[in-house]
Amino acid sequence: MASRLLLRACGMAVMARNRVLARTGRRAMASGGGIPTDEEQAAGLERRVLQALKKGKDPYSIFKPKEYAGTKDDPHIVPGISDKRLVGCLCEEDNTAIVWFWLHEGNPQRCPSCGSYYKLIHHELPH
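All figures in this text were calculated on a predicted structure; none of them were measured in a lab.

Undergrad: What's the story with a negative patch on the surface in this structure? I'm lost.
TA: A cluster of acidic residues, Asp38, Glu39, Glu40 and Glu46, forms a negative patch on the protein surface. Broken down by element, the negative patch gets its largest block of residues, three residues, from helix H2 (residues 38-41). Accessibility expressed as a relative area gives 38% for Glu39, which makes it partly exposed.

In C-alpha cells, the structure reads:
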C-alpha cells in the first residue's frame, strides 16, 4: 500500500513538472519576439552612436584611423577642435622618447626630429 502511494505521488509530481514545462511559452521581449538586438535595446548616447555608425560615420573615433605615409603629399591627419593642437611623435618604433610639438591648422608641418608630416583638420564634436 505504501509503495502504491509513493508510486502515485512520484507520477503526479512528474506530470505536474511536465505541465509546467509545456506551459512556459517563449518570451516576447523584442518587437519580433525573442531576444532584442543592440539597436532595439540601446538608449541615449549609445543609440546615437549606433545610428551614426549605420550611416557610415565614426563620431567618437571608435575605428582604427587610416594609415598615412607621413609625406608632404600624404600627411598624417590629426583631428582637432581648435586651430592648434599638441602632437606627440614616436619617431622610431622602439624609441622611448616622445617628441612633442605644436601643430597649427593649415599647411602640413614636419616633425622636428624624424621629418614625418602632420596636418591638423578641424573636427566637429558629435553632440
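Undergrad: I would appreciate a short explanation of the layout of surface pockets in the present structure.
TA: Rolled over the atoms, a probe as big as a water molecule pinpoints where empty space is left. Reported here for the largest pocket is a volume of approximately 560 Å³. Around the largest pocket, the lining is made up of 16 residues, and of these Pro65, Lys66, Tyr68, Ile77 and Pro79 lie nearest the centre. If one sorts the elements of the lining of the largest pocket by residue count, strand S1 (residues 76-80) sits on top with five residues. Among the residues making up the lining of the largest pocket, the classes are represented as seven nonpolar, four polar and five charged.

Undergrad: Explanation requested: the sheet that holds S1 in the structure shown.
TA: Sheet strands associate in pairs through backbone hydrogen bonding, adopting either a parallel or an antiparallel arrangement. Taken together, the three strands give an open sheet; going across it, the order is S1-S5-S4, and neighbouring strands pair in mixed fashion. The open sheet has two edge strands, S1 and strand S4 (109-110), and neither has a second partner. Pairing geometry for S4 and strand S5 (residues 117-122), over two bridges, is antiparallel. Residue pairing for S5: Arg110 is matched across the bridge by Tyr117.

What counts as what
Residues numbered from 1 in each chain as written. Predicted model: local features only at pLDDT ≥ 70, side-chain atom pairs only at ≥ 80, totals over all residues. Heavy atoms only, no water. Patch = residues over 30% accessible without salt bridge, like charges linked within 9 Å, V, L, I, M, F, W, Y side chains within 5 Å. Areas by Shrake-Rupley, 256 points an atom, 1.4 Å probe, with all protein chains shown as cover. Salt bridge = Lys/Arg side-chain N within 4 Å of Asp/Glu carboxyl O. Lys, Arg positive; Asp, Glu negative; His and termini not counted. Charge placed at Lys NZ, Arg CZ, Asp CG, Glu CD. Helix = DSSP H or I, 4+ residues; strand = E, 2+ residues; numbered from the N terminus. Buried < 20%, exposed > 50% of the residue type's maximum accessible area, 1.4 Å probe, protein only. 1 Å grid on protein atoms, 1.4 Å probe; cavity = no way out; pocket = protein on both sides within 12 Å on 5 of 7 lines; lining within 4 Å. Points joined across faces, edges and corners; volume = space filled by probe spheres on them. Nonpolar A, V, L, I, M, F, W, Y, C, P; charged D, E, K, R; others polar. Pairing = 2+ DSSP bridges.

The values are spatial; any link to function lies outside them.
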